[in-house]
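# Fold and geometry: a report
Now for the letters of each chain:
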Amino acid sequence: MAAVLFYILLAVVVVLSVFACYLLVRILQVFFKARRLEAMKNYETIIYSAVRKLGPEKTLESLLPSPKTQLLEEVLLRMGDEGAEGWRDKVARLYELGGFYEKRLHQLDSRVKSRRSRAARYIGRIGAQNAVSRLKELLWDDKEEVRDSALFALGRMGTREALEAMLAALERGDRWTEQKVAEAVEEAGDESRQLLVELLRDPNPERRAFAAEVMGKVAGPEEAPELAKALRDPDIDVRARSAGSLGKISDNASRLPLLRALEDPEWEVRSQAAKALGHIGDAEDAKRLVLCLRDREWWVRQNAAAALREMGAAGEGPLIEALWDEDRFARETAAQVLEEASIVERIIEDIGESGDDIEGYRVIRRLAEIGCIGTLGQVLLDMPEDEMRGRLISHLSDIKNDELQTMIDRALRSANSNEAEGRDRG
Amino acid sequence: MSFYSILTYLAIIYYLALYSIQMFHLLLGYRAALHWKKLGYQAETQRLYRSELVPPISVINDLDFMGSDPVEWVDKLFSERFPEFELLVMYSCESDPRVEELIKAYFLRRVDRVYRRSIKSPAPLEVFQSDDRRLSLIRTEKLPRGAILNLVLNLSKYPLLAVVGNGVQMEKDVLIRMVRPFMEGRVRVPVVMGMELPLEMEDEDLLPPRRITKYSLMESLRVQLGYQVGAPYLGGPVTSYSALALFRKKDLLEAGGFDPNMPYMKAEMDVLLRLHRYLREQKTPYHFVYLPQPVARRPFPERWSDHVRELKARRDSISAVLWAQKDMLFRARYGRLGLIQLPAFWIFVKLLPLLGFCAYAVVIVLFAFGRIGWPLFAGFLLSSMAYPALVGVGTVIAARRELGILKGQGGLLYGYAFMTQLWFRQFSALAPLFVTRIGKERRLES
C-alpha cells in the first residue's frame, strides 16, 4: 500500500514539476520576446529619425556603435520590405555598413541549402543590386528552395540586369517562374517593353511564348505589329498566346492578322484569335466569326460565340442567321449565345410594346425547333399578359417536342389557376 | 520466451510501428510546413490575385451542402480574390425555395447549355445561369454523387475543378493559395487538398466549445498533420478525403472520372487511388499536395454518435476503395505506393480496428490470467496509449506553430491532445465494430 501511495505521489510530483517547467519556459519566452521587440522599435526610431540628417555612416558610428546584430538586421530587412521612396538606397547602405551584406554574400556559397536560400532572400529584401551576378548563378542551383529564393530576390531588384537574369530561368518551364518574371517585368514598366520585343525573337520557344503572353499586359499598339508577326511563329503556344495578347491590346490594325489566324490548323490558335476579335469588337468581323461556329473544336465555337455576344447588336444578326445553319454545332451554339443574351425576353418585350413582330416570332419558333426552350419555358410561366401568352403558344403548339408541350401545359395550367384566383378575389 | 509473451511482444511491435510511422509522417509534415513558411508561401501567393497566368477554376458545390443560406455562401465565394472562376451549384429537388432565392438574388436565367461531353454522364435537367456566366445552377436527377461529379466535369469550363464538401466554409484567399502548387510544375500535381478545421472553433481559433468536437479536432489534427501532409513525400497518401479538394481536370478525365455509382466520400477516395494508378502506369512523375494550412471549415461531430457515424463512413469508404484496387498491392509497377504505402495502409488503417481489438483483448486476458507479467503489460500500455499521446502532443505543437491556431490555451490543449490518444482514439477505433447496426438504424431515421 505504502509503495502504491509513494508511486502515486511521485507521479503527482513529476506532473507538477513538468507543469512548472512549462510555465517557466513560457514566461521566459514572453519576457525575451518583449525585450526583443522593444530593442527593435528603438533601432527603427533611431534610424528613421537620424539617417536623413546624419547619413548612414554617421548614424551607425554615433548612434548605433554596438548594436545587437541580429535585431538590427531584422529591422533593416523590414525597412527594405517597406521600400519607402528614397529610403531603399539608405537602407541598403546601412545593411552594407553593418557587415550584413558581406556575410550574406559569403553565405550564398554555403553548402547548407537553407543558408543559401536565406541569404538570397535577405539580399533580395534589401535590394542590393550589386549582387545580381551572384544571384543569377543561384538560379541554376540543385535545390528548388534556393532557385526560388534567387528568383524572388531578382524580382525584388527589378533592374534590367535582374530581369535579363530572370528570363534565363524561364527555361525551367513552370508557370510559377513565369509568374515571378511577369511580376518583375510588369513592375519595370516601359523599360521592359523593348526587352519583351527582343525576347519574341529568341530561339527558345518557351521564352517567345512567355514574351507573347506578358506583352498582352504591358505592351501597347506600338508593339502590336511584333505580336502580329508572332502569329506566324512555328510554335503553337507562341501563336496562341500572341493572339490572346493582341486581343488584350485591342488595336484595330491587328484585325487582319487575327482573321488570318482563324485559318490556323491548330484549334488553340483559332480559339484565341476568335476571342481576340471579340475584344476588338469590329462589326465587320461578325460574319467571319459566325463561320467559326461550325468549327470542329468545341473551344473555337465557344469563343467565337462569346466574341459575337461581346460585339452586341453587331454580332446578333449573324448569330440569328446561324440558327438556320446546316451545321448542328453552329445552330446550337448560336442558340445558346442568343438565349444568354436575353433575346427571348427582348423579343417578347418588343411584341408587347409594338404589336406583332413576325421576325421575332420566327426567331422564337426557330429556337424552340432547335430544342432551346429553357428561357422560353420560364418566360411562358412568368408572362403577365394572357393574350400574348396565347399568341405565343399558338405559334409554338405545332412543334413536336415533348418538353415544350409539357411547358405549354404548365403555362396554361398556371394561367387558369391565376384566372380562378382572380375570380375568387373578385 | 513463452508463446504468450511472443503474442504480447507482437502487439507491442504493432503499436510501436504504427505510431512510429505516424511520428515520421508528422516530422515530414512539419518539415513541409517549415519549407513553405520559409519560402514566404502566404505572402508571395497573395500577389497572384492580379495575375493573368493563374489557371482559372470551376468550383463545384451541392445546394444541400451550402447550409440554410446559400446566397450568403455564394456571396462569400464571389468576394474571394481570384482572377477567374465559376461556381456550379448542383441540386435535385424541383421545387426548392433556396433555388428560387438564388435565381432571384443573382438574376439567373434558364439556358440550354451546350457543353463538351468529355466523359459519360447523365444530362442536366435544367440549367440556370447568371449573365456573367460565373454562377450556374444545375438541376439533376437524384443520382449518386459520383455521377453528378462526372456531369460537372463535362459542364465545367476551366482546367481546375474545386470540389466542396458538406457544410464547408472556405477560408479567406483559399483558391489563390491552393492554385499555386499547380503553377510550380516541378512534377505534375493532379490534386491539392488542405487542412480542415471545425466550423465551431471559438474566436481567435481556440478550441471548439463541445467536448466531443474538441476530441474530434485533436484526432483530426493527428490524421492530417500526422499522415496526410507528410505522406506525399513518400509517394502517398494512398487515399484521402478532404472537405475541399482541387483537381486537375485533365488528369481526372484521363483516370476515367468519378465512379458514377459511388456516394461522395467514396467517389473522391476512389478517384485519388485511380489517379495514383493512372499516373504510375503512365510513368509520369507526380506529387499529391496536402497543404499544411487551414483551407476549409466544416461541421465537426458534436455528439459521440455523430463521431462514430462519420468514422464509420470513412472506414467503409476506405475498405471499398482498397478492395476495388487490391490488384495494386505488392506490384512493383506501382513503386513505393504498391510495395510500401498500400500494404502499410491495409495493416495500419484498414485492419486497425480488428487488430487493435484483438491486441487489447489478448493482452488483457493474458494479464488477467497471469500469463504475462507487469512489465510486459505496462510496455503494451505505453506503446498503445502513451506513445500515441506523444504523437498527439506533437501534432498540437505543429498546429500551434505552423498553422497559427489554438494559441493561448497552453496546458489545457496538451491535456486534450494527450487524453484524446489515451482513450478517445482507442474507443473510436473499436466503436464501429460494435455500433454498425445502431448507426444504420439512425441513418435510416434521419
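Residues numbered from 1 in each chain as written. Chains lettered and ligands numbered in written order. Predicted model: local features only at pLDDT ≥ 70, side-chain atom pairs only at ≥ 80, totals over all residues.

## A short note on the overall build of chain A
What counts, and what does not: Put simply, DSSP H or I for four residues or longer makes a helix, DSSP E for two residues or longer makes a strand, and each gets a number counted from the N terminus. The atom set for the radius of gyration is the C-alpha atoms, and the globule formula is 2.2 Å times the number of residues raised to the power 0.38. A residue is called partly exposed when the number of other C-beta atoms within 10 Å of its own lies between 12 and 20, exposed at 12 or fewer, and buried at 20 or more, with C-beta atoms placed from the backbone. C-beta atoms are first placed from the backbone for all residues, and any pair lying within 7 Å is then listed as a contact.
Within chain A, the regular secondary structure consists of 24 helices and zero strands. Over its C-alpha atoms chain A spans a radius of gyration of 35 Å, topping by over 25% the 22 Å that the globule rule assigns to 426 residues. Based on the C-alpha atoms only, the size of chain A along its principal axes is roughly 95 × 80 × 50 Å. Out of the 426 residues in chain A, the part that is buried amounts to 40%. Counting only contacts in chain A whose residues sit at least 6 apart along the sequence, the fraction spanning at least 24 positions is 64%.

## Brief notes about the overall build of chain B
Secondary structure assignment for chain B yields 15 helices and 10 strands. Taken against the 2.2 N^0.38 rule, which gives 22 Å for 446 residues, the C-alpha radius of gyration of chain B at 23 Å falls within 12% of a compact globule. Principal-axis analysis of the C-alpha atoms gives chain B an extent of 75 × 50 × 50 Å.

## Some details on the interface of chain A and chain B
Our working definition: Each residue gets one of three labels, nonpolar for Ala, Val, Leu, Ile, Met, Phe, Trp, Tyr, Cys and Pro, charged for Asp, Glu, Lys and Arg, and polar for the others, Gly among them.
Taken residue by residue, the interface counts 31 residues in chain A and 25 residues in chain B. Counting residues per element, the ones that place at least two in the side of chain A that touches chain B are α1 (2–63), α7 (144–157), α9 (175–188), α19 (328–340) and α22 (374–382) of chain A. Split into classes, the residues belonging to the side of chain A that touches chain B amount to eight nonpolar, 11 polar and 12 charged.

## Re the nonpolar core
The line we're drawing: As used throughout, a nonpolar core is a set of buried Ala, Val, Leu, Ile, Met, Phe, Trp, Tyr and Cys residues joined through C-beta atoms within 7 Å of each other.
Judged by nonpolar contacts, the single largest core of 124 residues is most densely connected at Val152, Ala162, Val179, Val191, Val192 and Leu244 of chain B. Leaving out residues up to four positions away in the same chain, Val192 of chain B has contacts with Met178, Pro181, Phe182, Leu246, Val289 and Leu291 of chain B. The next biggest cluster of nonpolar side chains, apart from the first, holds 111 residues, and it includes Ala169, Leu170, Val344 and Ile408 of chain A.

## Comments concerning the sheet that holds strand β1 (residues 57–62) of chain B
Residues and elements named next belong to chain B. To keep it simple, the criterion reads: Here the rule is simple: two strands pair whenever DSSP picks up at least two bridges between them. Lines fitted to the C-alpha atoms define the axes, with helices restricted to the stretch that makes contact. Angles between their N-to-C directions range from 0 to 180 degrees.
Taken together, 10 strands build an open sheet; the order of strands is β3-β4-β5-β2-β1-β6-β9-β8-β10-β7 and the sheet is mixed. Two strands close off the open sheet at either side, each with one partner strand: β3 (109–111) and β7 (169–170). The sheet contact formed by strand β8 (residues 191–198) and strand β10 (residues 289–298) spans seven bridges and is parallel. Note that in β10 the partner of Gly194 across the bridge is Leu291. Here helix α5 (residues 145–155) sits on the sheet in contact with β1, β2 (85–91), β5 (135–139) and β6 (160–164), set at roughly 145° to β2.

## Overview of the pairing of strand β4 (residues 126–129) of chain B
Residues and elements named next belong to chain B. Judged from the three bridges that link them, β3 and β4 form a sheet pairing that is antiparallel. If you follow Val111 over to β4, its bridge partner there is Val127. Pairing analysis gives four bridges linking β4 to β5, with the strands arranged antiparallel. Within β5, the position partnered with Val127 by the bridge is Ile138. Linking β4 back to β5 in an antiparallel pair, the connection comprises five residues, with Arg133 at a positive phi of about 65°.

## What about the domain arrangement of chain A?
Stated formally: Throughout the structure description, domain borders are defined by an automatic or database domain assignment.
One can read the domain layout of chain A as domain 1 (190–280), domain 2 (293–340) and domain 3 (342–418). Measuring from the centre of the C-alpha atoms in domain 1 of chain A to the corresponding centre in domain 3 of chain A gives 45 Å.

## Here we look at α9 of chain A
Formally: Expected helix span is given by 1.5 Å per residue-to-residue step, counting one fewer step than there are residues.
End to end, α9 of chain A covers 20 Å across 14 residues, agreeing with the expected 20 Å (1.5 Å per residue, within 8%). Among the 14 residues that make up α9 of chain A, 10 are buried, leaving the element largely enclosed by the rest of the structure. Of the residues making up α9 of chain A, those classed as buried are Trp176, Thr177, Glu178, Gln179, Lys180, Val181, Ala182, Glu183, Ala184 and Val185 of chain A. On its buried face, α9 of chain A sits against α7, α8 (160–168), α10 (191–199) and α11 (205–218) of chain A together with α6 (174–184) of chain B. Looking at the residues trailing α9 of chain A, positive phi occurs at Gly189 of chain A, about 70°.

## Some points on the environment of Gly392 of chain B
Residue and element names in this part refer to chain B. Position of Gly392 relative to the elements: it lies in helix α13 (residues 374–403). Take Gly392: there are 28 C-beta atoms within 10 Å of it, and that puts it in the buried class. Residues Gly392 and Thr420, 28 residues apart in the sequence, show an inter-C-alpha distance of 7.6 Å. Excluding anything up to four places from it in sequence, Gly392 contacts Met218, Arg222, Ala417, Phe418, Thr420 and Gln421.

## What about the environment of Leu63 of chain B?
All names here are of chain B. Along the chain, the position of Leu63 falls in the loop between β1 and α3 (70–78). Taking C-alpha positions, Leu63 is 9.8 Å from Asp96, a pair spaced 33 residues apart along the chain. Not counting chain neighbours up to four residues away, the residues in contact with Leu63 comprise Pro70, Val89, Met90, Tyr91, Asp96, Arg98 and Val99.

## Some remarks on the pairing of β5 of chain B
Residue and element names in this part refer to chain B. Where burial is concerned, most of β5 is hidden: four out of the five residues are buried. The sheet contact formed by β2 and β5 spans five bridges and is parallel. Across the sheet, residue Tyr91 finds its bridge partner in β5, namely Arg139.

## A look at the environment of Ala359 of chain B
Residue and element names in this part refer to chain B. Structurally, the position occupied by Ala359 is in helix α12 (residues 352–368). By the C-beta count within 10 Å, which is 21 here, Ala359 ends up buried. Considering only alpha carbons, one finds Ala359 and Arg331, 28 residues apart in sequence, at a separation of 29 Å. Not counting the four nearest positions on each side in its chain, Ala359 is found in contact with Ala11 and Tyr14.

## A word on the confidence of the model for chain B
What counts is decided by this rule: pLDDT measures how confident the predictor is about each residue, on a scale from 0 to 100.
On average, residues of chain B score 87 in pLDDT, and 96% of them reach the 70 mark or higher. With a pTM of 0.81, the predicted complex shows an ipTM of 0.72.

## Some words on the packing of α7 of chain A against α9 of chain A
Residue and element names in this part refer to chain A. Stated precisely, the cut-off is as follows: Note that the term roughly parallel is reserved for angles under 35 degrees, roughly antiparallel for angles over 145, roughly perpendicular for angles of 65 to 115, and oblique for everything else. Whether a crossing is left-handed or right-handed is set by the direction in which the near helix is turned from the far one by less than a right angle, anticlockwise for left-handed and clockwise for right-handed.
Direction vectors running N to C along α7 and α9 enclose 15°, while the axes themselves pass 8 Å from each other. In terms of orientation, α7 and α9 fall into the roughly parallel class. Crossing geometry of α7 relative to α9 is assigned as left-handed. When α7 is examined against α9, the residues Leu151, Phe152 and Gly155 are found in contact with a partner set consisting of Thr177, Lys180, Glu183 and Ala184. Across the contact of α7 with α9, the residue classes break down as three nonpolar, two polar and two charged.

## Side note on unusual backbone geometry
Residue Pro237 of chain B is reached from Gly236 of chain B by a cis peptide bond, and omega for that bond is -10°. Within the secondary structure layout, Pro237 of chain B lies in the loop between α7 (211–228) and β9 (244–248). Of note in the backbone geometry, Ser250 of chain A takes a positive phi value of approximately 55° without being a glycine. With 13 C-beta atoms packed within 10 Å, Ser250 of chain A lands in the partly exposed category. The backbone of Phe107 of chain B shows a phi angle near 50°, a positive value even though the residue is not glycine. Residue placement: Phe107 of chain B occurs in the loop between α4 (97–105) and β3.

## A closer look at α1 of chain A
Residue and element names in this part refer to chain A. Taking 1.5 Å of rise per residue, 62 residues should cover 92 Å, yet α1 covers just 67 Å from first to last C-alpha, more than 12% shy of that figure. The buried fraction of α1 amounts to six of the 62 residues, a small share that puts the element mostly on the outside. Elements that come into contact with the buried residues of α1 comprise α2 (69–82) and α3 (88–97).

## Some points on the packing of helix α20 (residues 343–354) of chain A against α22 of chain A
All names here are of chain A. Packing of α20 against α22 leaves a shortest axis separation of 9 Å and a crossing angle of 40°. Between α20 and α22, the angle falls in the class oblique. Pair α20 / α22 crosses with right-handed handedness. Contacts from Val344, Glu345 and Ile348 of α20 reach α22 at Thr375, Leu376 and Val379.

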